[in-house]
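Structural description and commentary
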Amino acid sequence: AKAAGGCTYMAFEPRMQDDARDKHELLRDLRHAIENKQLELFYQPKIDARSGQVTAAEALLRWHHPVRGTLSPDVFIPLAERHGLIGALGNWVIDDACRQARVWRERGLKMRVAINLSVFQMRQNDLVERIQAALKRHGVNPSRLTCEITESVAMEDTQVTQRTFERLGQAGIHLSIDDFGTGYSSLSYLRRLPATELKIDRSFVMDLDTSDDAKAIVDAVLKLAHAIGLKVVAEGVETVQQRDILLQLGCDEFQGYLFARPMSARALLLWAVEDKPA
Ligand code: C2E
Ligand code: CA
Ligand code: CA
Ligand code: CA
């Protein structure tokens, strides 16, 4: 047993060092990712359940790392948050998404653009001014922008985040509560937020065709959201069965691989204008 323990230790220790070195290198590279033009926003459409029209495109950050290939935000956003880089990253996202919204408008596409905001950004005092300046710089109407904020961040009842919420709403920007169902919302609190949209988390959508419980939860969320005037988007729709159940339950919009994966802005432009089967 002792020998085995020793082996385990030996195998584990170098890996921990590798991990630490890895993180360190990644962080060093991330500091230069913006100036080195390695970041790109991919876009995933939100689709109107009844008409099949694209209503919006959600910007999802990608990092084209010269050695490691394209990295997912789940890998580097937490790193950026921990090491004070999320401000710069977030500002880049705001500007680039607004620039893209302008391009789409010029091409005659009516969809909104949606961006994800981190908790750190919600605590920034100048966030709203920053967003307004980017909209103005690119000549985009605030009503063309949706800010997605996760339920857990939205429920942070600090005065600063609350105030940011109100000011975004007052500026005419749409607000969406992301990953709904994963946090612990107080319903009365939800009603006080100036949100216009609620996104049901993928974990519920995933189980829709196999679990009556998931279906009951989604049904309840839809009724609640509609009762307080929110539009509902289901995220992570992957199968026709899931889509049909959501449609039957009265879901307003879909997002997921069944319709389209996140893609480059260019690819989305082509995708949006091509004819799709009903
Ligand atoms: P999210 O906002 O919940 O975005 C949805 C995630 O689910 C995306 O992962 C998307 O690619 C993926 N997805 C969409 N449809 C499907 C589907 O049908 N099946 C499955 N299995 N997955 C699907 P992604 O792009 O890796 O982003 C992960 C998370 O990173 C996002 O979750 C968001 O919280 C965060 N993120 C992405 N871009 C930004 C950003 O610019 N700023 C901030 N603060 N966070 C971002
Ligand atoms: Ca989102
Ligand atoms: Ca989400
Ligand atoms: Ca999610």
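- The name given to the protein chain in an unreviewed UniProt entry is EAL domain-containing protein, and the organism recorded there is Piscinibacter terrae.

1. Concerning the coordination of the calcium ion (ligand 2)
- Taken together, the protein ligands of the calcium ion (ligand 2) are Glu-58 (OE), Asn-116 (OD1), Glu-148 (OE) and Asp-178 (OD), with distances of 2.2 to 2.3 Å.
- Motif for the calcium ion (ligand 2), donor spacing along one chain: E-x57-N-x31-E-x29-D.
- In this structure the calcium ion (ligand 3) is found 3.7 Å away from the calcium ion (ligand 2), and Asp-178 serves as a bridging donor for the pair. With a gap of 90 residues between them, Glu-58 in strand β2 (residues 54-65) and Glu-148 in strand β5 (residues 145-150) connect regions that are remote in the sequence. Here Glu-58 and Glu-148 have matching classes, each one buried.

2. Let's talk about the site of ligand 1
- Neighbouring ligand 1 are 22 residues; Gln-44, Arg-62, Arg-202, Glu-238 and Tyr-257 lie closest to it.
- In the environment of ligand 1, an oxygen atom lies 3.2 Å from a nitrogen or oxygen atom belonging to the side chain of Glu-58.
- In isolation ligand 1 has 810 Å² of accessible area, and contact with the protein removes 84% of it.
- Of all the secondary-structure elements, those providing two or more residues to the shell around ligand 1 are β2, α2 (73-82) and β6 (174-180).
- The dominant element in the shell around ligand 1, judged by the number of residues it contributes, is β2, at 4 residues.
- The class makeup of the residues in the shell around ligand 1 is 8 nonpolar, 6 polar and 8 charged.

3. Some words on the nonpolar core
- Judged by nonpolar contacts, the single largest core of 80 residues is most densely connected at Tyr-43, Trp-104 and Cys-147.
- With near-sequence residues (within four places) excluded, Trp-104 lies in contact with Tyr-43, Ala-57, Leu-109, Met-111, Val-113, Ala-265, Leu-268 and Leu-269.

4. Some words on the packing of helix α3 (residues 86-106) against helix α5 (residues 127-137)
- With their axes 8 Å apart at the nearest point, α3 and α5 run at an angle of 30° to one another. With respect to each other, α3 and α5 are oriented roughly parallel. Once α3 is placed against α5, the crossing between them reads as right-handed. Residues Asn-91, Ile-94, Asp-95 and Cys-98 of α3 touch α5, and the partners they reach there are Leu-127, Arg-130, Ile-131, Ala-134, Leu-135 and Arg-137.
- Split by residue class, the contact of α3 with α5 holds 6 nonpolar, 1 polar and 3 charged.

5. Examining the confidence of the model for the protein chain
- When the pLDDT values of the protein chain are averaged, the result is 90; 92% of them are 70 or greater.
- Low confidence marks residues 1-9, where pLDDT is under 50. Its contacts with residues over four positions away, or in another chain, come to 1 contact.

6. Some points on helix α12 (residues 265-273)
- Within the sequence span of α12, burial applies to Ala-265, Leu-268, Leu-269 and Trp-271. The arc that holds every buried residue of α12, seen down its axis, measures 165°, which confines them to one face. Exposed side chains of α12 directed beyond 90 degrees from the buried face belong to Arg-266, Leu-270 and Val-273.
- For α12, the elements touching its buried residues are β1 (39-48), β2, α3 and β10 (263-264).

7. As for the coordination of the calcium ion (ligand 4)
- The coordination sphere of the calcium ion (ligand 4) contains the protein donors Asp-179 (OD), Asp-201 (OD) and Glu-235 (OE), at a distance range of 2.2 to 2.6 Å.
- Along the chain, the residues donating to the calcium ion (ligand 4) fall in the pattern D-x21-D-x33-E.
- The metal-metal distance between the calcium ion (ligand 4) and the calcium ion (ligand 3) is 3.3 Å, with Asp-179 coordinating both. Here the residue Asp-179 occupies a position in strand β6, and Asp-201 occupies one in the loop between β7 (197-200) and α9 (202-206), the gap between them amounting to 22 residues.
- On the basis of relative accessibility, which here comes to 24%, the residue Asp-179 falls in the partly exposed class.
- When its relative accessible area of 11% is taken as the criterion, Asp-201 is described as buried.

8. Let's talk about the pattern of salt bridges
- Following the criterion strictly, the structure yields 18 salt bridges and no others.
- Residue Arg-28 pairs with Asp-29 through a salt bridge whose shortest N-O separation is 3.0 Å.
- A relative accessible area of 46% means that Arg-28 is categorised as partly exposed.
- Arg-243 is the partner of Asp-244 in a salt bridge, and the nearest nitrogen-oxygen pair spans 3.1 Å.
- Assessed through its relative accessible area of 26%, Arg-243 is described here as partly exposed.

Conventions and cut-offs
- Residues numbered from 1 in each chain as written.
- Chains lettered and ligands numbered in written order.
- Predicted model: local features only at pLDDT ≥ 70, side-chain atom pairs only at ≥ 80, totals over all residues.
- Heavy atoms only, no water.
- Donors = N, O, S within 2.8 Å, 3.2 Å for Na, K, Ca; no water.
- Helix = DSSP H or I, 4+ residues; strand = E, 2+ residues; numbered from the N terminus.
- Buried < 20%, exposed > 50% of the residue type's maximum accessible area, 1.4 Å probe, protein only.
- Near = heavy atom within 4 Å.
- Polar contact = N/O pair within 3.5 Å; in protein donor to acceptor, adjacent residues only side chain to side chain.
- Areas by Shrake-Rupley, 256 points an atom, 1.4 Å probe, with all protein chains shown as cover.
- Nonpolar A, V, L, I, M, F, W, Y, C, P; charged D, E, K, R; others polar.
- Core = buried A, V, L, I, M, F, W, Y, C linked by side-chain atoms within 4.5 Å.
- Contact = heavy atoms within 4.5 Å.
- Axes fitted to C-alpha atoms, helices over the stretch in contact; angles between N-to-C directions.
- Parallel < 35°, antiparallel > 145°, perpendicular 65-115°, else oblique.
- Left-handed = near helix turned anticlockwise from the far one by under 90°.
- pLDDT = per-residue confidence, 0-100.
- Arc of directions from axis to C-beta.
- Salt bridge = Lys/Arg side-chain N within 4 Å of Asp/Glu carboxyl O.

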